[in-house]
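Here are the chains, one letter per residue:
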Amino acid sequence: MAPSLSLVLLIVLLSSPAIYAGHDYRDALRKSIMFFEGQRSGKLPPDQRLRWRRDSALRDGSSAGVDLSGGYYDAGDNVKFGFPMAFTTTMLSWSIIDFGRTMGPELKNAVKAVKWGTDYLLKATAIPGVVFVQVGDAYSDHNCWERPEDMDTLRTVYRIDRAHPGSDVAGETAAALAAASIVFRRRDPAYSRRLLDRATRVFAFANRYRGAYSNSLYHAVCPFYCDFNGYQDELLWGAAWLHKASRKRAYREFIVKNEVILRAGDTINEFGWDNKHAGINVLISKEVLMGKAEYFESFKQNADGFICSILPGVSHPQVQYSRGGLLVKTGGSNMQHVTSLSFLLLAYSNYLSHAKKVVPCGELTASPSLLRQVAKRQVDYILGDNPLGMSYMVGYGRRFPRRIHHRGSSVPSVSAHPARIGCKEGSRYFLSPNPNPNLLVGAVVGGPNVTDAFPDSRPYFVQSEPTTYINAPLVGLLGYFSTHSSWR
């Protein structure tokens, strides 16, 4: 008789050499949200908590005759990339929609983090038929190591329009605005309506003028945030969020009509700033599990397939687990996969619980509680339950990365060094073996690979660089586990 999937996974989970010291998820939640304040661009507000940061890039957009100040720097550089920024905003909103009730006093800060993103996205979409998708020449920026307050690199403005389409970044922007409209529906109804109206307009543009922004702006966005996966998934993703936000029949019909054409069943275990397939299937499946949308049944089948492909102990060529228990996928910094896929596991477990359902995986079944265990194991790994006994969140725990690949964190702050530090002058701080002088509290780095090894060194940017889209799904995970810390 074959063992149950729960038994198989329990053995895998418990056999990995971890510490299980117990964690202060509320503290980790607070810090994970505070990280976004360290990534802010523009005029900083009076309640800014990371005080070593100062105003920066106040004239962004001026070369194009528009105001594009604000928004977030995506990672350890000083470029504002619209594609990952929009995805970050979508995931922060989803975190609040599903797990905001358990965030306690940190909910208000999470909402502020969303609004910092949406205020910028509203500026970037203010002109009908145009989306400003990037501020800053990435090659110029990456040739320098300087804090954002001193930045003198090219702040070139890049846009998509009818003649130069970008359905991927426009579709994600529509998703972000629609998801955020749900966050503000009761908090600020007028702002919510503005977000939803803009999401509707941006999605219509993305759908009518189809194409990948990598083709329109190849030399600006590649190889940094190329759309490797195509724009089709973002159109479905945007429609899914607009359907959830507006409940309009047109978006439901769009999803049903375009499910096959836009390849909803492709790469079902991928989810991140470039590939939305697993997220689409989990998001839409909630309605099926609630008994409200049988016409979306195929999306639930895809979501079940995603679950079965991602669990430890179930063989799949694209997913593996390290000896220490870390989920590992190829491509870029690994923690982006860990947090985004774990978020989907947790979200789907809640949908299954409410529907009193389990996931069939061949002859085996996976229960909602098992999905939560797997997600929690990944969160605990990030917070220090790993072979190195290291937290991969800056400022959390006794041991965490001290030399992260981040310009603002590694160069002395304006208050400590008021004089300007130029483009190449900052190189000595990049090459220094000393810890970063400014603590970017809450930043989660790219982290270890399948060997569980981690070089705490700035030049190893894949491992040591934090990103906004690593933290955004983690906010939801920590929001849940700060109240539901039991393994059951």
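Just so it is clear, the model here is predicted, and its values are computed rather than measured.

**Section: the pairing of strand S2 (residues 130–135)**
Right, on to step 1. With six of six residues buried, S2 is to be regarded as a mostly interior element.
Right, on to step 2. Here S2 runs beside strand S3 (residues 157–161); their pairing, made up of five bridges, is antiparallel. By the bridge assignment for S3, Val 131 is matched with Ile 160.

**A few points about helix H15 (residues 368–383)**
At 3.6 residues per turn, the α-helix brings residues three or four places apart onto the same side.
Right, on to step 1. A rise of 1.5 Å per residue sets the reference length of H15, with its 16 residues, at 22 Å; its end C-alpha atoms lie 23 Å apart and thus fit the reference within 8%.
Right, on to step 2. The first or second residue beyond H15 is Gly 384, which carries a positive phi of 135 degrees.

**Let's talk about the pattern of salt bridges**
Right, on to step 1. Under the defined criterion, the tally for this structure stands at 21 salt bridges.
Right, on to step 2. With a closest N to O distance of 3.4 Å, Asp 161 and Arg 159 form a salt bridge.
Right, on to step 3. One continuous salt-bridge network, built from bridges that share partners, spans Asp 27, Arg 30 and Lys 31.

**Overview of the environment of Asp 385**
Right, on to step 1. Here Asp 385 is to be found in the loop between H15 and helix H16 (407–410).
Right, on to step 2. Overall, the relative accessible area of 2% leaves Asp 385 in the buried class.
Right, on to step 3. Distance in space between the C-alpha atoms of Asp 385 and Gly 324 is 8.5 Å, their sequence separation being 61 residues.

**Topic: the side chain of Asn 281**
Right, on to step 1. Position of Asn 281 relative to the elements: it lies in helix H12 (residues 277–289).
Right, on to step 2. Among the residues examined, Asn 281 registers a relative accessible area of 1% and is labelled buried.

What counts and how
Residues numbered from 1 in each chain as written. Predicted model: local features only at pLDDT ≥ 70, side-chain atom pairs only at ≥ 80, totals over all residues. Heavy atoms only, no water. Buried < 20%, exposed > 50% of the residue type's maximum accessible area, 1.4 Å probe, protein only. Helix = DSSP H or I, 4+ residues; strand = E, 2+ residues; numbered from the N terminus. Pairing = 2+ DSSP bridges. Expected span 1.5 Å × (residues − 1). Salt bridge = Lys/Arg side-chain N within 4 Å of Asp/Glu carboxyl O.

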